[in-house]
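Spelled out, the chains give:
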Amino acid sequence: MGLGHKFKEVKKAYAEANKLLGDLIKVTPSSKVVGDLAQFMVQNGLTREEVEARADELSFPLSVVEFLQGHIGTPPGGFPEPFRSRVLKELPRVEGRPGASLPPLDFEALGRELGARHGAPPGPEELLSAALYPKVYEEFRTFASTFGPVSCLGTRLFLEGPTIAEEFEVELERGKTLHIKALALGDLNAGRAAGGFSSSSTGNCAPSSCETPRP
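Residues numbered from 1 in each chain as written. Predicted model: local features only at pLDDT ≥ 70, side-chain atom pairs only at ≥ 80, totals over all residues. Heavy atoms only, no water.

S.K.: Looking at this structure, I do not really get helix α6 (residues 107-118). What am I missing?
M.R.: Given 3.6 residues to a turn, an α-helix orients residues that are three or four positions apart in the same direction. Here α6 spans 16 Å end to end across 12 residues, near enough to the 16 Å set by a 1.5 Å rise per residue. Where α6 is buried, its residues contact α7 (124-132) and α8 (134-147). Where α6 terminates, the next one or two residues include Gly119, which has phi positive at roughly 85°. (Helix = DSSP H or I, 4+ residues; strand = E, 2+ residues; numbered from the N terminus. Expected span 1.5 Å × (residues − 1). Contact = heavy atoms within 4.5 Å.)

Okay, structure coming up:
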């Protein structure tokens, strides 16, 4: 979404989004719902009051709409009204425990489908992620194939990128570490910036043959 440089604003908006949604207990996926709404507010320059006033006309993130529909259950304090009704209007709502009405899932068939699509069979955690969040999982696989193993990067480096002349380490796997120095960084454009880096390595990995993550 290109909001890495507005991380502080997103953090402030998170508190306001949480109030809009009824002060949720924060566990995955409810914490993600609040985060999606916070990013939506920052991206569109909306305050909590403006979101409440325009709830019936805004195009909210899918996760927020599905939460209000009851797809991840009913929060202990109930749904925030009239916010919920204004967002959903005539959309259907899930009554009771969502899992009770789900059809059975063939995990073996899903694993074969994912393996054929991505060239390698998924591990147990990947399989479960694909079952629970199919769209998010596909977006993750596309992102990973484009940018490499960004999970090797620390949170700040991933969100903001390095500063010029900053040196940092990336552990590709146990015993294989890249030592990287940022030499030049271009201007940020739609969440992306060109950069120049130098690297050396330790362990059984030659710099010329290692895949360097591209934040």
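S.K.: I would appreciate a short explanation of the pairing of strand β2 (residues 176-185) in the present structure.
M.R.: Successive residues of a regular strand alternate their side chains across the two faces of the sheet. Of the pairings in the sheet, the one linking strand β1 (residues 167-173) to β2 comprises 6 bridges and is antiparallel in character. Considered in β2, the bridge of Glu173 is made with Lys176. In textbook terms, the turn of a hairpin is the stretch between consecutive antiparallel strands, and for β1 and β2 this stretch comprises 2 residues, one of which, Gly175, has a positive phi near 90°. (Pairing = 2+ DSSP bridges.)

S.K.: What is the right way to look at the packing of α6 against α7 in this model?
M.R.: When two helices pack together, you describe them by how their axes are tilted relative to each other and by the distance separating the axes. Two elements in contact, α6 and α7, have axes separated by 10 Å at closest approach and are oriented at 100°. By the criterion of interaxial angle, the relationship of α6 to α7 is roughly perpendicular. Listed contacts from α7 to Phe107, Leu110, Gly111 and Leu114 of α6 are Leu127, Leu128, Ala130 and Ala131. The class makeup of the residues in the contact of α6 with α7 is 7 nonpolar, 1 polar and no charged. (Axes fitted to C-alpha atoms, helices over the stretch in contact; angles between N-to-C directions. Parallel < 35°, antiparallel > 145°, perpendicular 65-115°, else oblique. Nonpolar A, V, L, I, M, F, W, Y, C, P; charged D, E, K, R; others polar.)

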